[in-house]
Amino acid sequence: MSVLAATNGSTTAPVATRVAAPAVDNADLVFNVDLFLICTFGLFVLMLLPRATVRYTHKREWVNGHFLHSVRLHNVSSIIRRPSKRDALLSPFPAAHFPVHKKTEPYEFDDKEKWAATTDASHTYASHSELVRSPSTASGRERRRQNVPTHMPGWSTILPTIAAILRTTIRPGLTIGKGLVELTYFAVMLYAGLYKSNPFTDPIRAGFVAVSQIPIVVALGTKNNIVGMLIGFGYERLNYLHRFAGRMLVLAANVHAIGYFYSWTSAGNFAKYSAQPDKQWAFVALIATDLLLLLSTNMFREKFYNSIFIPSHVISIVVLLVAVCFHVPFAVPYVLFAVGLYGLDRVMRLLKSRVTIARLRPLPDLGMTRVEIPTINAGWRAGQHVRIRVLSLGMGIRGWAEAHPFTIASVSRSQSGEGLVLMCKKAGDWTNRLFELAQRADYGEANGIGSNVQVVVEGPYGGPGHAIFGGFSGAMFVAGGSGVTFALAAVQDLMKKDLEYKSRVRAIELVWSVQDPAALQPLIPLFTTLLAQSAHSYASLRISVFYTRAPASPEAVKAYRLPPGLTLSPMRPKLPGILSGVVDRSAALFSGGKERRRGGGALTGVIVGVCGPASLGDEVRKAVAEFPAKRRKAVGGIELHEEAFGW
């Protein structure tokens, strides 16, 4: 966004409305205000610096979560282990969690139920062939490879009461914490606009304020913004501030313009001044600014994101930045800085993009399309998402050029060979066309046509920031509907890291809330394999599926063969009780805060992740906030990570 601005002089103002030279230099004032905002942001960076430092002490974090790539994978059998008999004796859980097996198969099935291979039957949310293995005793060399992540508690763990208050929802999409940030920003802008200045007699100040905010608005609106990089926030978590800063900029620009319109009209010189070239450029800038605000409302952003919102944003911002530079020379440095930030973002997006071939598979029972990209198998962290373009005429006249975000549903450096996997739920025209394209490709494959399409993948973005899920003692992931892609990726990543001695997590709970219980059926093979893997690892896993709508075929639901550890219940999840169970399981192998085996460390808390509807997020926040303080402290704290994406 940009603005209508004016010079700091008064040579162009009518004689009747001239005022004394301002006691405060407008250019210096807005520059100092920007410095104050930068220093405030720097304080947040310093507060988060310890956790960022701990994160980057792990070599893998320097390459994961930044750029997608492909690596040559080695056999992981050399680092596979199982618990010792002593661990089994110490375990307070049933033998299903820490068994001592003599057979080589991880779980007993008949021949028709061995889902380890990457066949069509096993193509659910994510590959799991690498999770099936024979138990083996860890050697001394393998034990020396232990590299569990160092845990650094977040501020929500250190100050849980304050964190709970800040997470309280005021309205959908706005919490008390976000509201305070917006209120603080508004107060700073109000000070900049009113300090020793009257907007009715000195409208030029508002123009300076608007111009000074151009780089901030642009910085917050880019996909690869410096603000997010330094504090570990994805662009989607800063969108609310970008929109608010943009509105403040538009408000300042209009106050500036209306003030001059009033003075010119009162003096009878409106036609005279409006004919001047610099004022005409001001009109262009003002119109572009107001169009940006109008076409950024929820209706256009949610229903016409690619057709109206994006094109109007690009065209208006270009016109606006050019116009404001011709309107007043003071704006040139700010505009150039904003252009530099935007140019850096475009370069980063280009470097993060990969043109490759993807395989499409329709999943009718889930109403989703599975996108497999085997040529990309590394570079992301659990919980991150990518933006994908499908370069096929089957996506429509304009659909091939649209980029849509989807959470990655597979594990980085997976041995399955399927690489990066996306699950695209039918939720609009574009995803419906993708599903139809996958269906046509699936049908054509049987006739020798194949189901490969060319795609552009950009990312990864978002994710847990500086937090490391494997550094906690317990983990609970709550998902609603298609949000299970986030939960499954996180669970599989923790199971994989457990095999490699790179996780402290000892108790994992996956809670999935769906409307129709039929959604569970395609995932039973994957859930079964994950639970079988849990039986051979230190991390115990439980999966609870809840459905809220009566099934179309109750008898079919009763016929589901569910493995031990997987439950299906006709109700909404009772999150406080489930969280309590995870805390108990996380602390069960500890005595006096220390793990009851040599080399164990202290309890490091429980991470709770949620991805789903806003109402589900509210329930999870409430469960975390109301958890008993004494038990929270005993387990090492409870930290909440919310994974949400909106336009």
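Check the entry above for the structure.
Attention here is on the structure that accompanies the text. Predicted model only: the values in this text are computed from it and were never measured. (Residues numbered from 1 in each chain as written. Predicted model: local features only at pLDDT ≥ 70, side-chain atom pairs only at ≥ 80, totals over all residues. Heavy atoms only, no water.)

### With respect to unusual backbone geometry
We apply this condition: By the criteria applied, helices consist of DSSP H or I runs no shorter than four residues and strands consist of E runs no shorter than two, each listed in order from the N terminus.
Note the cis peptide between glycine 459 and proline 460, where omega equals 5 degrees. When you line up the elements, proline 460 lands in strand β8 (residues 452-462). If you check the backbone angles, lysine 196 has positive phi at about 50 degrees while not being a glycine. Looking at where lysine 196 falls in the secondary structure, it is placed in the loop between α6 (176-194) and α7 (204-212). We note that arginine 413 has phi near 60 degrees; this positive angle belongs to a residue other than glycine. Considering the arrangement of structural elements, one finds arginine 413 in the loop between β6 (404-407) and β7 (420-425).

### Some remarks on the pattern of salt bridges
Quick reminder of the rule: We define a salt bridge as a side-chain nitrogen of Lys or Arg found within 4 Å of a carboxyl oxygen belonging to Asp or Glu. Note on exposure labels: buried denotes an accessible area under 20% of the residue type's maximum, exposed denotes more than 50%, and partly exposed covers the range between, all computed with a 1.4 Å probe on protein chains only.
In total, this model carries 17 salt bridges according to the counting rule given. Where glutamate 639 meets arginine 51, a salt bridge forms, and the shortest distance between an N and an O atom there is 2.5 Å. With a gap of 588 residues between them, glutamate 639 in strand β16 (residues 638-642) and arginine 51 in helix α1 (residues 26-55) connect regions that are remote in the sequence. Take glutamate 639: its relative accessible area is 8%, and that puts it in the buried class.

### Focus on the side chain of serine 263
Where we set the bar: Any pair of nitrogen or oxygen atoms within 3.5 Å is treated as a polar contact; in protein, a donor-acceptor pairing is required on top of that, and neighbouring residues in sequence qualify only through side-chain atoms on both sides.
When you line up the elements, serine 263 lands in helix α10 (residues 235-267). Relative accessible area serves as the criterion here: at 9%, serine 263 is assigned to the buried category. Here tyrosine 260 takes part through its backbone oxygen, which lies 3.0 Å from a polar atom of the side chain of serine 263.

### Thoughts on the pairing of β7
What counts is decided by this rule: Pairing between two strands requires that DSSP report at least two bridges joining them.
Of all six residues that make up β7, five are buried, and the element is covered over most of its length. Pairing of strand β4 (residues 368-373) with β7, which is carried by six bridges, proceeds in the antiparallel orientation. Bridge assignment links glutamate 372 to a residue of β7, and that residue is valine 421.

### Here's the deal with the sheet that holds β7
What counts, and what does not: Each axis is a line fitted through C-alpha atoms, taken for helices only over the stretch in contact, and angles between the N-to-C directions span 0 to 180 degrees. Any two residues whose heavy atoms approach within 4.5 Å at even a single point are treated as in contact.
Read from one edge to the other, the open sheet built from six strands follows the order β6-β5-β8-β3-β4-β7, with strand pairing classed as antiparallel. At either margin of the open sheet sits one strand with a lone partner, and together these are β6 and β7. The mean angle between the axes of side-by-side strands here comes to 40 degrees, regardless of whether they run parallel or antiparallel. With five bridges joining them, strand β3 (residues 353-363) and β4 adopt antiparallel strand pairing. Each residue of the ladder has a partner; that of arginine 359, found in β4, is glutamate 372. Taken strand by strand, helix α15 (residues 332-351) contacts β3, β5 (384-390) and β8, and its axis lies near 60 degrees from that of β3.

### Points about the sheet that holds strand β12 (residues 566-569)
Taking strand neighbours across the sheet as the criterion, the six strands line up as β12-β11-β10-β9-β15-β16 in an open arrangement whose pairing is parallel. Because the sheet does not close on itself, it has two edges, and the strands there are β12 and β16. Averaged over all pairs of adjacent strands, the angle between strand axes in this sheet comes to 15 degrees, irrespective of strand direction. Bridge count between strand β9 (residues 474-480) and strand β10 (residues 507-514): seven bridges; the pairing is parallel. When the sheet's bridge partners are listed, phenylalanine 477 is paired in β10 with leucine 510.

### Focus: helix α21 (residues 614-625)
Rules: How far a helix is expected to stretch is found by multiplying one less than its residue total by 1.5 Å. The directions considered for the arc are those from the helix axis to the C-beta atoms.
Given a rise of 1.5 Å per residue, 12 residues ought to cover 16 Å, and the 16 Å separating the end C-alpha atoms of α21 matches this to within 8%. Every buried residue of α21 is accounted for by Leu616, Gly617, Val620, Arg621, Ala623 and Val624. Take α21 and look down its axis: the buried residues cluster within an arc of 160 degrees, on one side only. In this structure, α21 carries Ala614 and Lys622 as exposed residues pointing more than 90 degrees from its buried face. The elements touched by buried residues of α21 are β1 (169-171), β9, α20 (575-587), β15 (606-611), α22 (629-635) and β16.

### Focus: the packing of aromatic side chains
We count it as follows: Aromatic pairs are defined between Phe, Tyr and Trp rings, using the six-membered ring for Trp, whenever the two ring centres lie within 6.5 Å; interplanar angles under 30 degrees are classed as stacked, those over 60 as edge-to-face, and all others as tilted. Placement of a charge over a ring requires the Lys NZ or Arg CZ to be within 6 Å of the ring centre, with the centre-to-atom vector within 35 degrees of the ring normal.
Within the structure shown, the criterion is met by 20 aromatic pairs. A ring pair is formed by tyrosine 185 and phenylalanine 244, whose centres lie 6.2 Å apart and whose planes are at 70 degrees; its orientation type is edge-to-face. In this pair, tyrosine 185 is assigned in helix α6 and phenylalanine 244 in helix α10, connecting sequence segments 59 residues apart. The exposure class of phenylalanine 244 is buried, given its relative accessible area of 14%. Between the aromatic rings of tyrosine 305 and phenylalanine 309, the centroid separation amounts to 5.2 Å while the plane-to-plane angle is 25 degrees, which identifies the pairing as stacked. Taken as a pair, tyrosine 305 and phenylalanine 309 lie in helix α14 (residues 305-327) at a separation of four residues, close to a single helical turn. Tyrosine 305 sits in the buried class, given a relative accessible area of 9%. Using a relative accessible area of 9% as the deciding quantity, one classes phenylalanine 309 as buried. Cluster of aromatic residues (ring-pair linked, three or more members): Tyr260, Phe261, Trp264, Phe270, Tyr273 and Phe283. Note that lysine 178 overlies the ring of tyrosine 240, its terminal NZ or CZ placed 5.1 Å from the centroid. Just above the ring of phenylalanine 435 sits the side chain of lysine 426; from NZ or CZ to the centre is 4.4 Å.

These figures capture arrangement, not role.
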